[in-house]
Amino acid sequence: MNVPFVSFEKMHGEIREEMYKKFQEVYERNWFIQGDESELFEKEFAEYHGAAECVGVGNGLDALFLSLKALGIGEGDEVIIPGNTFIATALAVTYTGAVPVFVEPDMVTYNMGGHGLEEAYTEKTKAVIPVHLYGQPADMDAVLEFAARHQLYVLEDCAQAHGAVYKGKRTGTFGDIGCFSFYPGKNLGALGDGGAVITDDLEIARKVRALGNYGFRKKYECQYLGNNSRLDELQAAFLRIKLKHLDRYNAYRNKVAGRYLREIVNPKIILPQIGPDRTHVWHIFAVLCEERDRLQTYLADHGVMTVCHYPIPIYEQEAYRSLALTELPFTKQISSQELSLPMYYGITEEEVGYVVRLLNEF
Ligand SMILES: *Cc1c(COP(=O)(O)O)cnc(C)c1O
């Protein structure tokens, strides 16, 4: 049996007619940037979160970068981010001229917890970016308490956590800004690149919007040195259709995760754990295994595709060598042992059962 790491077959099959119709509508309307669809998507995505404002942008990296710029973060500043995250979290900080300062993850959630934050703090620290990595909310109580103590901005990197809930509230609504990616494989994915930020602060929203549109106050009146980073009409239109199903897609992932958690029994494989008072949306089902590479090859030999998130920690990346970053043992452990199992809307009972059986026989 062949089990892909991710597949859009069922998801896109179910909404094919609706998506085609939308494409026709946008095609015939001949309005492709900053029109009705992006306005409506922003309204609906803000409503979904109970946030006052949403601004569509070009991708998740820009969501983070433009947010940091809007908050005035730049040269001479430091921003605390998790050691264990996707490279984009760090790049966004670096692009502003600020310096990313890494903290070790909590070894239950693999996400930012309370520890390490105080040690990472200096007088230059301006903001902290908790990442809800793999789809599990970070320990927001600890992060918010730390940020309040030092009057730091909080930007949530929600690129893997669309729809996740922490203490009854959706992730993205705890800090000053929530940043999202709609890369196709994310829990809410476009048919191309896309991103958005949500915030309750009208002034921050206005500034992010301007920064993503050449820095224009209004057309051809340039207030800031901005970028071109907007969510286009087609992607917004497709996302509006998929947003209606997001909770259902996440519930499906949760059922798959439930089976993996109940049925995988092998002392060589460490299953993910969920912290208290939160729901995990399983963007990634991350297991740890000391023989990770052998496990990945074994699964591939039996037709099961997996991915490592992420095989090289940021502090060891060539592009970051000039920062001379210190070693992070937990982050290193995760990068050398993590393996992501097949997880997507539409994976069948048989496929999950096959993956479980292979893992138990490893
Ligand atoms: C995907 C991702 C991003 C970047 O989003 P893009 O749309 O690919 O630019 C940022 N942070 C995390 C944690 C991600 O997973």
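Criteria and cut-off values
Residues numbered from 1 in each chain as written. Predicted model: local features only at pLDDT ≥ 70, side-chain atom pairs only at ≥ 80, totals over all residues. Heavy atoms only, no water. Helix = DSSP H or I, 4+ residues; strand = E, 2+ residues; numbered from the N terminus. Rg over C-alpha atoms; globule rule 2.2 N^0.38 Å. Buried < 20%, exposed > 50% of the residue type's maximum accessible area, 1.4 Å probe, protein only. Contact = heavy atoms within 4.5 Å. Axes fitted to C-alpha atoms, helices over the stretch in contact; angles between N-to-C directions. Parallel < 35°, antiparallel > 145°, perpendicular 65-115°, else oblique. Left-handed = near helix turned anticlockwise from the far one by under 90°. Nonpolar A, V, L, I, M, F, W, Y, C, P; charged D, E, K, R; others polar. Near = heavy atom within 4 Å. Polar contact = N/O pair within 3.5 Å; in protein donor to acceptor, adjacent residues only side chain to side chain. Areas by Shrake-Rupley, 256 points an atom, 1.4 Å probe, with all protein chains shown as cover. Lys, Arg positive; Asp, Glu negative; His and termini not counted. Salt bridge = Lys/Arg side-chain N within 4 Å of Asp/Glu carboxyl O.

A.B. asks: In this structure, what is going on with the overall build of the chain? I would like to understand it.
C.D. replies: Scanning the chain from terminus to terminus reveals 13 helices and 14 strands. On C-alpha atoms alone, the chain measures out to a radius of gyration of 20 Å, which is about the 21 Å that the 2.2 N^0.38 rule sets for 362 residues. For the C-alpha atoms alone, the extent of the chain along its principal axes is close to 65 × 55 × 40 Å. Counting all 362 residues of the chain, 57% fall into the buried class. Sequence-distant contacts, at least 24 apart, represent 71% of the contacts inside the chain between residues at least 6 apart.

A.B. asks: Would you explain the packing of helix α10 (residues 246-263) against helix α13 (residues 349-361) in this entry?
C.D. replies: At a minimum axis separation of 10 Å, α10 and α13 run at an interaxial angle of 30°. In this view, α10 runs roughly parallel relative to α13, as classed from their interaxial angle. For the crossing formed where α10 meets α13, the hand is right-handed. Only Glu349, Val352, Gly353, Val355, Val356 and Asn360 of α13 make contact with α10, whose side of the interface consists of Val256, Arg259, Tyr260 and Glu263. Grouping the constituent residues of the contact of α10 with α13 by class yields five nonpolar, two polar and three charged.

A.B. asks: Teacher, can you tell me more about the site of the ligand here?
C.D. replies: Taken together, Asn59, Gly60, Leu61, Phe86, Ala88, Thr89, Val131, Asp157, Ala159, Gln160, Ser181 and Lys186 form the complete shell of residues around the ligand. In the environment of the ligand, an oxygen atom lies 2.7 Å from a nitrogen or oxygen atom belonging to the backbone of glycine 60. Serine 181 places a polar side-chain atom, nitrogen or oxygen, 2.7 Å from an oxygen atom of the ligand. In isolation the ligand has 380 Å² of accessible area, and contact with the protein removes 91% of it. Looking at the shell around the ligand, its residues break down into five nonpolar, five polar and two charged.

A.B. asks: What is the right way to read the side chain of lysine 186 from this model?
C.D. replies: If you trace the backbone, lysine 186 turns up in the loop between β8 (177-181) and β9 (195-199). One buried charge, lysine 186, has no salt-bridge partner; the nearest side chain with opposite charge is aspartate 157, at 6.8 Å. Ignoring anything within four residues of it in the chain, the contact list for lysine 186 reads Ala159, Gln160, His162, Ser181 and His283.

A.B. asks: Whenever I open this one, helix α9 (residues 233-243) confuses me. Can you help?
C.D. replies: Note on helix geometry: an α-helix contains 3.6 residues per turn, so any two residues three or four positions apart are oriented the same way. With respect to burial, α9 is a largely interior element, 10 of its 11 residues being buried. Among all positions in α9, only Glu233, Gln235, Ala236, Ala237, Phe238, Leu239, Arg240, Ile241, Lys242 and Leu243 are buried. In this structure, the buried side of α9 is in contact with α1 (9-14), α2 (16-29), α3 (36-49) and α10.

A.B. asks: Sorry if this is basic, but what is going on with unusual backbone geometry here?
C.D. replies: Residues other than glycine predominantly adopt negative phi, and peptide bonds predominantly adopt the trans conformation. Here the residue pair histidine 309 and tyrosine 310 is connected by a cis peptide bond, since its omega of 5° sits within 30 degrees of zero. When you line up the elements, tyrosine 310 lands in the loop between α11 (292-301) and α12 (329-337). Of note in this structure, tyrosine 134 is not a glycine but carries a positive phi near 70°. In this structure, tyrosine 134 sits in the loop between β4 (125-128) and α7 (140-150).

A.B. asks: Sorry if this is basic, but what is going on with the pattern of salt bridges here?
C.D. replies: Two side chains that carry opposite charge are able to pair once their charged atoms sit near each other. For the structure on display, the rule yields 25 salt bridges. Arginine 248 is paired through a salt bridge with glutamate 14; the nearest N and O atoms lie 3.5 Å apart. One end of the pair, arginine 248, is in helix α10; the other, glutamate 14, is in helix α1, and 234 residues separate them in sequence. Note on arginine 248: relative accessible area 40%, which makes it partly exposed. Glutamate 14 gets classed as partly exposed once you look at its relative accessible area, which sits at 39%. Where arginine 206 meets glutamate 203, a salt bridge forms, and the shortest distance between an N and an O atom there is 2.8 Å. Of this pair, arginine 206 and glutamate 203 both sit in helix α8 (residues 202-211), separated by three residues, roughly a single helical turn. Exposure remark for glutamate 203: the relative accessible area of 44% places this residue in the partly exposed category. Because the salt bridges share partners, they merge into one network encompassing Lys22, Glu25, Arg29, Glu37, Glu44 and Arg240.

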